[in-house]
Amino acid sequence: GLRVAIIIGIAGTCIGSWIKVISVEPDRFWVGFLGQSIVALSQVFVLSVPARLAAVWFGPSQVSSACSIGVFGNQLGIASGFLIPPVIVNTKGEPSEIQHDLFVMFLGIAVFTTILFLVIILFFKSEPPTPPSYAQAQQQGETQIGFLDSLKRLMKNGPYVLLLTAYGINVGIFYAISTLLNQIILQYYKDGEEDAGRIGVLIVFAGMLGSVLCGIILDKFHRFKETTLAVYAMSLLSMVVYTFALDKGIIVVYAVSGLLGFFMTGLLPVGFELAAELTYPEPEGTSAGLLNAASQVFGILFTSIYSAIFYSANDTWANAIMSVMLLIGTILTACITSDLKRQAAQAKS
């Protein structure tokens, strides 16, 4: 259920945040590592929530927009991670100053997550009194099936497996570029650390805008496969442009990076919603969770591949390989059969 999952997620985040508060002494690195690991494990209970929450609480004309706003929230957290630490922590100060700044930042985060924890305990409900749609009512009326049985059916669903692979490729490449962004920028622009940070923020904010716009488009037209394919193709085009634009001036890099973030992150809610349509009446949390898992696996793989090519050859070759992978993902997306089961169930009402 939503309430149990969210409470576990925020409780772990809160506990991990307080552990980090007591880790600011220079000899307590492993305490900080423990706290951060608890926070990281807790996000598993939160990342897949947007698709499930949107389906449980919102009707067919709002579900995609609600999912996109949930993804927007995830991206807002990432953007805050880019923006807040450099403002609070002076990394060029004395060790005692850095320790004090870290304590202030960790304490602020711990207090904030504690407030969130209390608000969720008091006000967050697992589901509304009545289902918001016919499809959701039918889904809630289904006999509860074990997770492994649901997993087996998902793995036998051909269109979903194609989406799972294509989605993992796209988001995995996005993770690889984000991870190595600093090294890529510094190769062309010396002393470009601040530019790399700002470009990272721009990518995230552009992605937030893309997520919301894609959600609105889905709610308006209900063209799930077509929207997914269009966003994927634009991600490929943006990646090709990015490959050959890095040496054209820092302003060009800003513009192209924003375009890349807009479409690559815009695929997140679109992928969640298409997965929900292809796999209905399976729980949206399961299909979305597998998409997140695939993106993590591909993210580790592509980060390793990109890094190896980047340091042994150059970034142009690394970006070209990523473009080829996006081309493969675009072809896989085009092969998905547009079997919108949730829309069909809703039409019966």
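In what follows, the structure referred to is the one given above.
These figures come from a predicted structure and were not determined experimentally. (Residues numbered from 1 in each chain as written. Predicted model: local features only at pLDDT ≥ 70, side-chain atom pairs only at ≥ 80, totals over all residues. Heavy atoms only, no water.)

Asker: Requested: an account of the overall build of the protein chain, with residues and values cited.
Answerer: Secondary structure assignment for the protein chain yields 16 helices and 0 strands. In terms of principal-axis extent, the alpha carbons of the protein chain reach across some 65 × 50 × 30 Å. Counting across all 349 residues of the protein chain, residues that qualify as buried make up 46%. Within the protein chain, contacts between residues separated by at least 24 positions form 80% of all contacts whose residues are at least 6 apart in sequence. Surface accessibility of the protein chain: about 16900 Å² in total, with carbon and sulfur atoms responsible for 70%. Taken as two groups, the 18 positive and 21 negative side-chain charges of the protein chain have centres that lie 10 Å from each other. (Helix = DSSP H or I, 4+ residues; strand = E, 2+ residues; numbered from the N terminus. Buried < 20%, exposed > 50% of the residue type's maximum accessible area, 1.4 Å probe, protein only. Contact = heavy atoms within 4.5 Å. Areas by Shrake-Rupley, 256 points an atom, 1.4 Å probe, with all protein chains shown as cover. Lys, Arg positive; Asp, Glu negative; His and termini not counted. Charge placed at Lys NZ, Arg CZ, Asp CG, Glu CD.)

Asker: Give a description of the pattern of salt bridges that names residues and reports values.
Answerer: If you walk through the whole model with that rule in mind, you get 5 salt bridges. Here E282 ties to R153 by a salt bridge, and the two come within 2.4 Å at their closest N and O atoms. With a gap of 129 residues between them, E282 in the loop between α13 (250-279) and α14 (284-312) and R153 in helix α8 (residues 147-155) connect regions that are remote in the sequence. Accessibility expressed as a relative area gives 11% for E282, which makes it buried. (Salt bridge = Lys/Arg side-chain N within 4 Å of Asp/Glu carboxyl O.)

Asker: Outline the environment of F263, supporting the account with residue identities and numerical values.
Answerer: Note that F263 resides in helix α13. Here the alpha-carbon distance between F263 and S238, two residues 25 residues apart in the chain, equals 8.0 Å. When near neighbours in sequence (up to four residues on either side) are disregarded, F263 contacts V231, M234, S235 and S238.

Asker: Account for the packing of α13 against α14, naming residues and giving values.
Answerer: For the pair α13 and α14, the least separation of the axes is 9 Å and the interaxial angle reads 130°. Taken together, the axes of α13 and α14 lie oblique to each other. In this structure, the crossing between α13 and α14 has a hand that is right-handed. Listed contacts from α14 to G271, F272, A275, A276 and T279 of α13 are E284, S287, A288, L291 and N292. Along the lines of polarity and charge, the residues of the contact of α13 with α14 split into 5 nonpolar, 4 polar and 1 charged. (Axes fitted to C-alpha atoms, helices over the stretch in contact; angles between N-to-C directions. Parallel < 35°, antiparallel > 145°, perpendicular 65-115°, else oblique. Left-handed = near helix turned anticlockwise from the far one by under 90°. Nonpolar A, V, L, I, M, F, W, Y, C, P; charged D, E, K, R; others polar.)

Asker: An account of the environment of A308 is needed here, citing residue identities and associated values.
Answerer: As for its placement among the helices and strands, A308 is situated in helix α14. Look at A308 and you get partly exposed, because its relative accessible area is 46%. Spatially, the C-alpha atoms of A308 and A318 are 8.5 Å apart, while their sequence positions differ by 10 residues.

Asker: A description of the environment of L267 should follow, citing residues and the corresponding values.
Answerer: Considering the arrangement of structural elements, one finds L267 in helix α13. Taking the C-alpha atoms as reference points, L267 and N170, separated by 97 residues in sequence, lie 8.3 Å from one another. When neighbours within four sequence positions are excluded, L267 is seen to be in contact with Y167, N170, T228, V231 and Y232.

Asker: Describe the packing of aromatic side chains, with residues and values.
Answerer: Summed over all chains, the structure comprises 10 aromatic pairs. Ring centres of Y306 and F310 lie 6.4 Å apart, and the angle between their planes is 25°; this geometry places the pair in the stacked category. Note that Y306 and F310 are positioned in helix α14 at a spacing of 4 residues, about one turn of the helix. Of the residues examined, F310 reaches a relative accessible area of 7% and is grouped as buried. When the ring of F310 is compared with that of Y311, the centres are 5.0 Å apart and the planes differ by 85°; the resulting orientation is edge-to-face. (Phe/Tyr/Trp six-rings, centres within 6.5 Å; stacked < 30°, edge-to-face > 60°.)

Asker: I'd like a description of the side chain of S295, backed by residues and values.
Answerer: Within the secondary structure layout, S295 lies in helix α14. Sequence-distant contacts of S295, that is, excluding residues within four places in its chain, are made with Y167, G168, V171, G172 and Y175.

Asker: Lay out the nonpolar core in plain terms, naming residues and giving numbers.
Answerer: What tends to happen in soluble globular proteins is that the nonpolar side chains get buried as a cluster. Ranked by internal contacts, the top residues of the largest apolar core, which has 66 residues, are I173, M239, Y242, F272, L291 and Y306. Counting 8 residues, the second largest nonpolar core, distinct from the first, contains I10, V49, V56 and F124. (Core = buried A, V, L, I, M, F, W, Y, C linked by side-chain atoms within 4.5 Å.)

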